[in-house]
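Geometric and topological summary
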Amino acid sequence: MKKWEMLVLFLIIFFTLNAANYEIRLDWDEFGGECNGFLSGTIGDKTEFVNGVSNETALDGKMISVGEGRSEQAKQLFRIQANEGYFTFWIKDKFADDDVMNDPTLIAQSKPQISIYKDGNLLELIKIPNGEGLACKVFSLDAGIGEIDREIRYYPKSRIVIGRVLDAVTGKALDKANVELQDYYQDNQVFTTDEAGVFIFPVEVAQYELSVGREGYIGASRKVVMGHDEIPREVIFAISPKIK
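Residues numbered from 1 in each chain as written. Predicted model: local features only at pLDDT ≥ 70, side-chain atom pairs only at ≥ 80, totals over all residues. Heavy atoms only, no water.

The next thing to look at is the sheet that holds strand β16 (residues 207-213). The strand order across the open sheet formed by 4 strands is β14-β13-β16-β17, and the pairing between neighbours is antiparallel. Edge positions in the sheet fall to β14 (188-192) and β17 (220-225), since each of these pairs with one other strand and no more. When strand polarity is set aside, the average angle formed by the axes of neighbouring strands in this sheet is 20°. Alignment of strand β13 (residues 178-182) against β14, held across 5 bridges, turns out to be antiparallel. For Leu 181, the partnering residue across the bridge sits in β14 and is Gln 189. (Pairing = 2+ DSSP bridges. Helix = DSSP H or I, 4+ residues; strand = E, 2+ residues; numbered from the N terminus. Axes fitted to C-alpha atoms, helices over the stretch in contact; angles between N-to-C directions.)

Glancing now at the nonpolar core. Grouped together as the largest cluster of nonpolar side chains are 31 residues, with contacts concentrated most on Leu 39, Phe 87, Phe 89, Ile 114 and Phe 139. Counting only elements with at least two residues in this core, the list comes to β1 (21-27), β2 (35-43), β6 (76-81), β7 (86-93), α2 (106-109), β8 (113-118), β10 (135-142) and β11 (147-155). Sequence-distant contacts of Phe 139, defined by excluding residues within four places in its chain, comprise Ile 24, Phe 87, Thr 88, Phe 89, Ile 114, Ile 116, Ile 126, Ile 148, Asp 149, Arg 150 and Glu 151. Among the nonpolar cores identified, the runner-up in size contains 18 residues, and Leu 174, Ala 177, Leu 181 and Phe 199 belong to it. (Core = buried A, V, L, I, M, F, W, Y, C linked by side-chain atoms within 4.5 Å. Buried < 20%, exposed > 50% of the residue type's maximum accessible area, 1.4 Å probe, protein only. Contact = heavy atoms within 4.5 Å.)

Right, let's talk about the sheet that holds strand β12 (residues 160-167) for a bit. What the 3 strands build is an open sheet, ordered β15-β12-β18; its pairing is mixed. Lying at the two open borders of the sheet, with one neighbouring strand each, are β15 (198-202) and β18 (233-239). Taking the axes of each pair of neighbouring strands and ignoring which way they run, one obtains an average angle of 20° across the sheet. Bridging between β12 and β15 involves 5 bridges; their strand directions are antiparallel. Residue pairing in the sheet places Ile 162 in a bridge with Ile 200 of β15.

Shape descriptors only; they carry no functional weight alone.
If you want it as structure tokens, here you go:
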């Protein structure tokens, strides 16, 4: 092995071993309902997701769902091993959908509780309050600074693509960014971000191309798939200013 290859391997191992370890535990009252957690992560230009029911990994192993019933610590268990990137956590009822099983009280009936640990220490214990909606966003994590932001908010629909546009240098939200969602038939929806840099689109079960642009910034795009699980897909765009 060449010296530079050994150096690259050493750096990969070093940063992997020194990455922060977050653990997200989801529990609920089984007599009240059936919850499902959904973890979304964005590192660089890659956005991926893991579902709490299944044993899944994403973002090159940095984001993990252990799978329901496979841990004694919680009904569903998720792990994040990263010192960079943006992550968000959502819940919904397993059997709810936008069309037939659309009772907006199902999440609240199950009394969900989320515990967040970092390196074995409890950071947050979140009990979801009563509310109505088919999906509920619980929190976001900026792994670069280790900051957790509670964002408990119910949404009336679960088939949505939602996200934020940020300045890649400062991390600040960008308003007035133009976000375009294009489906297989090349039909477009367009949204302009608000002061928090947020955009949201109602969608169907399908694959979409999501593009963002703003004056003075380098544009970016991602593919997003809304699956039959109908859990909201959240995408974070961190776009770079153009060099003058």
